[in-house]
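The chain contents come next:
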Amino acid sequence: MGKLIVSLSPHTHGTDSVERNMYGVIIALMPALLVSFFYFGLGSVIVCLSSVASCVFFEWVINKYILKNPKNTVLDGSAALTGLLLGMNLPSNLPVWIIIIGALFAIGVAKMSFGGLGNNIFNPALVGRCALLVAFPAQMTSWPVPGHLLDYTDAVTGATPLAVMKEAIKSGDASVLSGLPDAFSLLLGDYSIGGGAGTIGEICGLALLAGLAFMLWRKIITWHIPVSIIATVFVFSALLHLANPVYADPSTVILSGGLMLGAIFMATDYVTSPMTPKGQLIYGVAIGLLTVVIRNWGAYPEGMSFAILIMNAFTPLINNYVKPKRFGEVPAKN
(Lines give C-alpha, C1' and ligand atoms only; values in the text may rest on other atoms or scores of the structure.)
Protein backbone atom coordinates (compact mmCIF):
# COMPACT_ATOMS: atom_id res chain seq x y z
CA MET A 1 0.00 0.00 0.00
CA GLY A 2 1.41 3.38 -1.04
CA LYS A 3 2.15 6.17 1.38
CA LEU A 4 -0.52 8.86 1.52
CA ILE A 5 1.00 12.34 1.30
CA VAL A 6 -1.20 15.30 2.13
CA SER A 7 0.20 18.65 1.02
CA LEU A 8 -0.64 22.04 2.46
CA SER A 9 -3.76 23.78 1.21
CA PRO A 10 -5.04 24.95 -1.17
CA HIS A 11 -5.76 21.74 -3.04
CA THR A 12 -7.77 23.23 -5.90
CA HIS A 13 -6.45 25.00 -8.95
CA GLY A 14 -7.99 28.07 -10.54
CA THR A 15 -7.45 29.96 -13.76
CA ASP A 16 -6.19 33.10 -12.03
CA SER A 17 -2.62 34.24 -12.63
CA VAL A 18 -0.68 37.48 -12.46
CA GLU A 19 -0.60 37.69 -16.24
CA ARG A 20 -4.33 37.04 -16.64
CA ASN A 21 -5.30 39.72 -14.16
CA MET A 22 -2.79 42.33 -15.33
CA TYR A 23 -3.73 41.99 -18.96
CA GLY A 24 -7.39 41.85 -17.95
CA VAL A 25 -7.07 45.29 -16.33
CA ILE A 26 -5.30 46.58 -19.45
CA ILE A 27 -8.22 45.35 -21.56
CA ALA A 28 -10.64 47.07 -19.16
CA LEU A 29 -8.75 50.35 -19.68
CA MET A 30 -9.13 50.19 -23.46
CA PRO A 31 -12.51 52.02 -23.69
CA ALA A 32 -11.17 54.98 -21.68
CA LEU A 33 -7.90 54.92 -23.63
CA LEU A 34 -9.65 54.94 -27.02
CA VAL A 35 -11.92 57.80 -25.91
CA SER A 36 -8.84 59.77 -24.82
CA PHE A 37 -7.27 59.19 -28.26
CA PHE A 38 -10.48 60.54 -29.82
CA TYR A 39 -10.53 63.70 -27.69
CA PHE A 40 -6.81 64.43 -27.24
CA GLY A 41 -5.40 62.85 -30.38
CA LEU A 42 -1.62 62.85 -30.86
CA GLY A 43 -0.81 64.07 -27.35
CA SER A 44 -2.61 61.18 -25.70
CA VAL A 45 -0.88 58.63 -27.94
CA ILE A 46 2.60 60.07 -27.30
CA VAL A 47 2.15 60.32 -23.53
CA CYS A 48 0.73 56.81 -23.07
CA LEU A 49 3.22 55.08 -25.38
CA SER A 50 6.15 56.90 -23.77
CA SER A 51 4.96 55.97 -20.29
CA VAL A 52 4.41 52.28 -21.08
CA ALA A 53 7.72 51.95 -22.94
CA SER A 54 9.66 53.70 -20.15
CA CYS A 55 8.14 51.58 -17.37
CA VAL A 56 8.78 48.32 -19.22
CA PHE A 57 12.35 49.41 -20.00
CA PHE A 58 13.15 50.38 -16.39
CA GLU A 59 11.74 47.12 -15.03
CA TRP A 60 13.80 45.10 -17.51
CA VAL A 61 17.01 47.02 -16.73
CA ILE A 62 16.58 46.86 -12.94
CA ASN A 63 15.70 43.15 -13.03
CA LYS A 64 18.60 42.21 -15.28
CA TYR A 65 21.45 44.45 -14.12
CA ILE A 66 20.66 45.51 -10.53
CA LEU A 67 18.59 42.72 -8.96
CA LYS A 68 20.10 40.14 -11.36
CA ASN A 69 16.84 38.24 -11.30
CA PRO A 70 17.07 35.17 -13.57
CA LYS A 71 13.31 35.29 -14.10
CA ASN A 72 12.64 38.72 -15.58
CA THR A 73 9.09 39.85 -14.79
CA VAL A 74 8.85 42.31 -17.66
CA LEU A 75 6.32 40.16 -19.55
CA ASP A 76 3.86 39.58 -16.69
CA GLY A 77 1.97 42.74 -17.63
CA SER A 78 2.51 44.61 -14.37
CA ALA A 79 5.06 47.08 -15.77
CA ALA A 80 2.93 47.75 -18.85
CA LEU A 81 -0.12 48.31 -16.63
CA THR A 82 1.82 50.68 -14.38
CA GLY A 83 2.95 52.62 -17.45
CA LEU A 84 -0.56 52.80 -18.85
CA LEU A 85 -2.05 53.98 -15.55
CA LEU A 86 0.72 56.54 -15.11
CA GLY A 87 0.15 57.84 -18.63
CA MET A 88 -3.59 58.10 -18.08
CA ASN A 89 -2.91 60.17 -14.95
CA LEU A 90 -0.94 62.78 -16.87
CA PRO A 91 -1.89 65.78 -19.05
CA SER A 92 -1.82 65.05 -22.77
CA ASN A 93 0.76 67.79 -23.43
CA LEU A 94 3.44 66.62 -20.97
CA PRO A 95 6.97 66.49 -22.47
CA VAL A 96 8.45 63.01 -22.92
CA TRP A 97 11.48 63.66 -20.71
CA ILE A 98 9.20 64.40 -17.75
CA ILE A 99 7.23 61.22 -18.42
CA ILE A 100 10.47 59.21 -18.33
CA ILE A 101 11.30 60.66 -14.89
CA GLY A 102 7.81 59.69 -13.68
CA ALA A 103 8.28 56.15 -14.97
CA LEU A 104 11.61 55.88 -13.15
CA PHE A 105 9.94 56.91 -9.89
CA ALA A 106 7.03 54.52 -10.46
CA ILE A 107 9.13 51.46 -11.29
CA GLY A 108 12.51 52.17 -9.73
CA VAL A 109 11.43 53.81 -6.48
CA ALA A 110 7.89 52.65 -5.73
CA LYS A 111 8.08 49.08 -7.08
CA MET A 112 11.50 47.54 -7.62
CA SER A 113 13.20 49.12 -4.60
CA PHE A 114 10.74 47.15 -2.42
CA GLY A 115 11.52 43.90 -4.23
CA GLY A 116 9.16 44.04 -7.19
CA LEU A 117 5.54 43.04 -7.70
CA GLY A 118 3.82 41.90 -4.52
CA ASN A 119 6.19 43.73 -2.19
CA ASN A 120 5.51 47.40 -2.90
CA ILE A 121 3.70 49.40 -0.22
CA PHE A 122 2.35 52.17 -2.44
CA ASN A 123 0.69 52.14 -5.84
CA PRO A 124 3.59 52.69 -8.29
CA ALA A 125 1.67 54.70 -10.88
CA LEU A 126 0.39 57.12 -8.24
CA VAL A 127 3.86 57.53 -6.73
CA GLY A 128 5.12 58.47 -10.18
CA ARG A 129 2.28 60.93 -10.69
CA CYS A 130 2.65 62.60 -7.29
CA ALA A 131 6.44 62.84 -7.69
CA LEU A 132 5.93 64.70 -10.96
CA LEU A 133 3.21 66.89 -9.44
CA VAL A 134 5.62 68.02 -6.72
CA ALA A 135 8.65 68.40 -9.02
CA PHE A 136 6.92 69.91 -12.06
CA PRO A 137 3.74 71.63 -10.80
CA ALA A 138 3.37 74.00 -13.76
CA GLN A 139 3.60 71.27 -16.42
CA MET A 140 1.43 68.86 -14.41
CA THR A 141 -1.40 71.38 -14.00
CA SER A 142 -1.56 72.58 -17.60
CA TRP A 143 -4.70 70.98 -19.00
CA PRO A 144 -5.25 70.80 -22.78
CA VAL A 145 -8.70 71.52 -24.18
CA PRO A 146 -10.11 68.46 -26.04
CA GLY A 147 -10.45 68.66 -29.79
CA HIS A 148 -6.96 69.86 -30.73
CA LEU A 149 -6.04 66.46 -32.10
CA LEU A 150 -2.74 67.27 -33.80
CA ASP A 151 -1.41 69.60 -31.11
CA TYR A 152 0.96 68.21 -28.53
CA THR A 153 3.06 70.56 -26.42
CA ASP A 154 1.41 73.61 -28.07
CA ALA A 155 -2.14 72.54 -27.18
CA VAL A 156 -4.64 75.15 -26.01
CA THR A 157 -5.21 74.82 -22.25
CA GLY A 158 -8.09 75.72 -19.95
CA ALA A 159 -9.50 75.38 -16.44
CA THR A 160 -10.77 71.94 -15.41
CA PRO A 161 -14.08 71.33 -13.60
CA LEU A 162 -12.15 70.75 -10.36
CA ALA A 163 -10.44 74.13 -10.74
CA VAL A 164 -13.85 75.77 -11.22
CA MET A 165 -15.16 74.05 -8.07
CA LYS A 166 -12.10 75.20 -6.12
CA GLU A 167 -12.59 78.78 -7.29
CA ALA A 168 -16.24 78.73 -6.22
CA ILE A 169 -15.26 77.59 -2.71
CA LYS A 170 -12.47 80.19 -2.42
CA SER A 171 -14.64 83.06 -3.65
CA GLY A 172 -17.77 81.92 -1.82
CA ASP A 173 -19.72 82.58 -5.03
CA ALA A 174 -21.96 79.69 -6.13
CA SER A 175 -22.56 81.35 -9.52
CA VAL A 176 -19.02 80.33 -10.52
CA LEU A 177 -20.31 76.74 -10.77
CA SER A 178 -22.47 77.72 -13.75
CA GLY A 179 -19.34 77.27 -15.85
CA LEU A 180 -19.29 73.53 -15.16
CA PRO A 181 -20.46 70.89 -17.65
CA ASP A 182 -23.55 69.05 -16.46
CA ALA A 183 -23.23 65.51 -15.10
CA PHE A 184 -24.46 63.90 -18.33
CA SER A 185 -21.81 65.73 -20.37
CA LEU A 186 -19.12 64.59 -17.92
CA LEU A 187 -20.41 61.03 -18.18
CA LEU A 188 -19.99 61.11 -21.97
CA GLY A 189 -16.82 63.21 -22.01
CA ASP A 190 -18.39 66.27 -23.64
CA TYR A 191 -16.28 69.33 -22.73
CA SER A 192 -17.74 71.61 -25.39
CA ILE A 193 -17.80 74.50 -22.92
CA GLY A 194 -14.14 74.97 -23.83
CA GLY A 195 -12.41 74.14 -20.56
CA GLY A 196 -9.60 71.70 -19.92
CA ALA A 197 -10.61 68.11 -19.33
CA GLY A 198 -7.89 67.11 -16.86
CA THR A 199 -5.76 64.00 -17.24
CA ILE A 200 -5.92 61.63 -20.18
CA GLY A 201 -7.82 58.88 -18.37
CA GLU A 202 -10.51 60.89 -16.62
CA ILE A 203 -12.32 62.36 -19.60
CA CYS A 204 -15.22 59.90 -19.98
CA GLY A 205 -17.07 58.39 -17.01
CA LEU A 206 -19.03 55.98 -19.19
CA ALA A 207 -15.84 54.41 -20.59
CA LEU A 208 -14.49 53.92 -17.07
CA LEU A 209 -17.75 52.31 -15.95
CA ALA A 210 -17.51 49.93 -18.92
CA GLY A 211 -14.06 48.91 -17.65
CA LEU A 212 -15.51 48.37 -14.16
CA ALA A 213 -18.26 46.14 -15.57
CA PHE A 214 -15.68 44.08 -17.46
CA MET A 215 -13.49 43.56 -14.40
CA LEU A 216 -16.46 42.60 -12.23
CA TRP A 217 -17.61 40.13 -14.90
CA ARG A 218 -14.13 38.61 -15.15
CA LYS A 219 -13.91 38.64 -11.32
CA ILE A 220 -10.64 40.55 -11.48
CA ILE A 221 -11.88 42.82 -8.69
CA THR A 222 -14.90 42.93 -6.36
CA TRP A 223 -17.36 45.78 -5.94
CA HIS A 224 -16.36 46.73 -2.39
CA ILE A 225 -13.64 49.32 -3.00
CA PRO A 226 -15.01 51.25 -6.02
CA VAL A 227 -18.58 51.31 -4.73
CA SER A 228 -17.60 52.35 -1.19
CA ILE A 229 -15.40 55.18 -2.52
CA ILE A 230 -17.98 56.54 -4.96
CA ALA A 231 -20.86 56.19 -2.48
CA THR A 232 -18.90 57.96 0.28
CA VAL A 233 -17.93 60.86 -1.98
CA PHE A 234 -21.52 61.13 -3.22
CA VAL A 235 -23.02 61.24 0.30
CA PHE A 236 -20.38 63.61 1.74
CA SER A 237 -20.66 65.94 -1.29
CA ALA A 238 -24.46 65.89 -1.10
CA LEU A 239 -24.39 66.97 2.54
CA LEU A 240 -21.99 69.81 1.74
CA HIS A 241 -24.10 70.90 -1.23
CA LEU A 242 -27.26 70.95 0.88
CA ALA A 243 -25.50 72.95 3.57
CA ASN A 244 -24.00 75.45 1.14
CA PRO A 245 -24.60 75.65 -2.65
CA VAL A 246 -21.04 76.90 -3.12
CA TYR A 247 -20.11 73.19 -3.12
CA ALA A 248 -20.90 71.41 -6.39
CA ASP A 249 -23.69 68.85 -6.60
CA PRO A 250 -22.60 65.25 -5.88
CA SER A 251 -23.19 63.89 -9.39
CA THR A 252 -20.82 66.44 -10.86
CA VAL A 253 -18.29 65.81 -8.11
CA ILE A 254 -18.01 62.05 -8.68
CA LEU A 255 -17.75 62.46 -12.45
CA SER A 256 -15.09 65.19 -12.29
CA GLY A 257 -11.36 64.69 -12.01
CA GLY A 258 -9.72 61.35 -11.42
CA LEU A 259 -12.19 59.96 -8.91
CA MET A 260 -13.66 57.30 -11.18
CA LEU A 261 -10.27 56.34 -12.61
CA GLY A 262 -8.74 56.08 -9.16
CA ALA A 263 -11.64 54.26 -7.53
CA ILE A 264 -11.92 51.63 -10.27
CA PHE A 265 -8.36 51.05 -11.42
CA MET A 266 -5.89 52.19 -8.75
CA ALA A 267 -7.49 51.87 -5.33
CA THR A 268 -8.28 48.26 -6.28
CA ASP A 269 -4.61 47.32 -6.75
CA TYR A 270 -4.19 43.86 -5.18
CA VAL A 271 -0.87 44.55 -3.47
CA THR A 272 -1.71 47.87 -1.82
CA SER A 273 -5.36 47.32 -0.81
CA PRO A 274 -6.86 45.25 2.04
CA MET A 275 -7.54 41.55 1.51
CA THR A 276 -10.95 41.09 3.14
CA PRO A 277 -14.32 42.59 2.08
CA LYS A 278 -14.71 44.32 5.45
CA GLY A 279 -11.23 45.78 5.19
CA GLN A 280 -11.91 46.94 1.64
CA LEU A 281 -15.06 48.77 2.74
CA ILE A 282 -13.16 50.56 5.53
CA TYR A 283 -10.41 51.42 3.04
CA GLY A 284 -12.87 52.70 0.43
CA VAL A 285 -14.84 54.87 2.86
CA ALA A 286 -11.61 56.42 4.17
CA ILE A 287 -10.40 57.18 0.64
CA GLY A 288 -13.74 58.80 -0.19
CA LEU A 289 -13.66 61.01 2.91
CA LEU A 290 -10.04 62.04 2.37
CA THR A 291 -10.69 62.83 -1.29
CA VAL A 292 -13.53 65.23 -0.47
CA VAL A 293 -11.52 66.88 2.32
CA ILE A 294 -8.43 67.42 0.14
CA ARG A 295 -10.45 68.59 -2.87
CA ASN A 296 -12.44 71.16 -0.91
CA TRP A 297 -9.93 72.39 1.68
CA GLY A 298 -6.50 71.21 0.53
CA ALA A 299 -3.91 72.97 -1.59
CA TYR A 300 -4.67 70.95 -4.74
CA PRO A 301 -7.98 70.79 -6.62
CA GLU A 302 -7.63 66.98 -6.90
CA GLY A 303 -7.26 64.73 -3.86
CA MET A 304 -7.78 61.22 -5.20
CA SER A 305 -4.11 60.31 -5.68
CA PHE A 306 -3.09 61.54 -2.24
CA ALA A 307 -6.06 59.83 -0.57
CA ILE A 308 -5.18 56.45 -2.12
CA LEU A 309 -1.50 56.73 -1.20
CA ILE A 310 -2.36 57.68 2.39
CA MET A 311 -4.64 54.67 2.72
CA ASN A 312 -2.03 52.41 1.06
CA ALA A 313 0.07 53.12 4.15
CA PHE A 314 -2.80 52.05 6.41
CA THR A 315 -3.51 48.81 4.51
CA PRO A 316 -1.34 46.57 6.78
CA LEU A 317 -3.09 48.04 9.83
CA ILE A 318 -6.53 47.43 8.31
CA ASN A 319 -5.57 43.86 7.39
CA ASN A 320 -4.48 43.24 10.95
CA TYR A 321 -7.66 44.76 12.39
CA VAL A 322 -10.05 42.69 10.26
CA LYS A 323 -7.95 39.54 10.21
CA PRO A 324 -10.34 36.54 10.14
CA LYS A 325 -10.14 33.87 12.81
CA ARG A 326 -8.18 30.77 11.94
CA PHE A 327 -10.28 27.74 11.13
CA GLY A 328 -10.85 25.74 14.31
CA GLU A 329 -9.45 28.43 16.59
CA VAL A 330 -10.65 28.21 20.19
CA PRO A 331 -10.94 31.53 22.07
CA ALA A 332 -8.73 31.76 25.12
CA LYS A 333 -10.53 31.58 28.46
CA ASN A 334 -9.90 34.29 31.03
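Residues numbered from 1 in each chain as written. Predicted model: local features only at pLDDT ≥ 70, side-chain atom pairs only at ≥ 80, totals over all residues. Heavy atoms only, no water.

Caption draft 1: Quick peek at the overall build of the protein chain. Broken down by element type, the protein chain carries 14 helices and zero strands. In the protein chain, the succession of helices and strands from N to C terminus is α-α-α-α-α-α-α-α-α-α-α-α-α-α. Every one of the 334 residues in the protein chain was classed for burial, and the buried ones make up 52%. With an accessible surface of roughly 16100 Å², the protein chain has 69% of that area assigned to carbon and sulfur atoms. (Helix = DSSP H or I, 4+ residues; strand = E, 2+ residues; numbered from the N terminus. Buried < 20%, exposed > 50% of the residue type's maximum accessible area, 1.4 Å probe, protein only. Areas by Shrake-Rupley, 256 points an atom, 1.4 Å probe, with all protein chains shown as cover.)

Caption draft 2: Here's a closer look at the side chain of Asn123. Relative to the helices and strands, Asn123 is located in the loop between α4 (96-109) and α5 (124-135). A relative accessible area of 3% places Asn123 in the buried class. Here the side chain of Asn123 touches Leu126 through a polar contact of 3.2 Å, landing on its backbone nitrogen. If we skip the residues at most four places from it in the chain, Asn123 touches Met266, Asp269, Thr272, Leu309 and Asn312. (Polar contact = N/O pair within 3.5 Å; in protein donor to acceptor, adjacent residues only side chain to side chain. Contact = heavy atoms within 4.5 Å.)

Caption draft 3: Broad picture of the pattern of salt bridges. Under the definition given, this model contains two salt bridges. Close ionic contact of Lys111 with Glu59 constitutes a salt bridge, the shortest N to O distance being 2.7 Å. With a gap of 52 residues between them, Lys111 in the loop between α4 and α5 and Glu59 in helix α2 (residues 42-66) connect regions that are remote in the sequence. Under the relative-accessibility criterion, Glu59 is labelled buried at 0%. Among the salt bridges present, the one from Glu302 reaches Arg295, with a minimum N-O distance of 2.9 Å. (Salt bridge = Lys/Arg side-chain N within 4 Å of Asp/Glu carboxyl O.)

Caption draft 4: Structural detail: α2. Its 25 residues give α2 an end-to-end C-alpha distance of 35 Å, which sits within 8% of 36 Å, the value for a rise of 1.5 Å per residue. Along α2, the residues classified as buried are Gly43, Ser44, Val47, Cys48, Ser50, Ser51, Ser54, Cys55, Phe58, Glu59, Ile62 and Asn63. Where the residues of α2 are buried, they touch α1 (18-40), α3 (78-88) and α4. Trailing α2 by a residue or two, Lys68 shows a phi angle of about 50°, which is positive. (Expected span 1.5 Å × (residues − 1).)

Caption draft 5: Molecular detail of unusual backbone geometry. Within the chain, Lys219 stands out as a residue other than glycine whose phi angle is a positive 60°. Topologically, Lys219 is positioned in the loop between α9 (205-217) and α10 (224-243).

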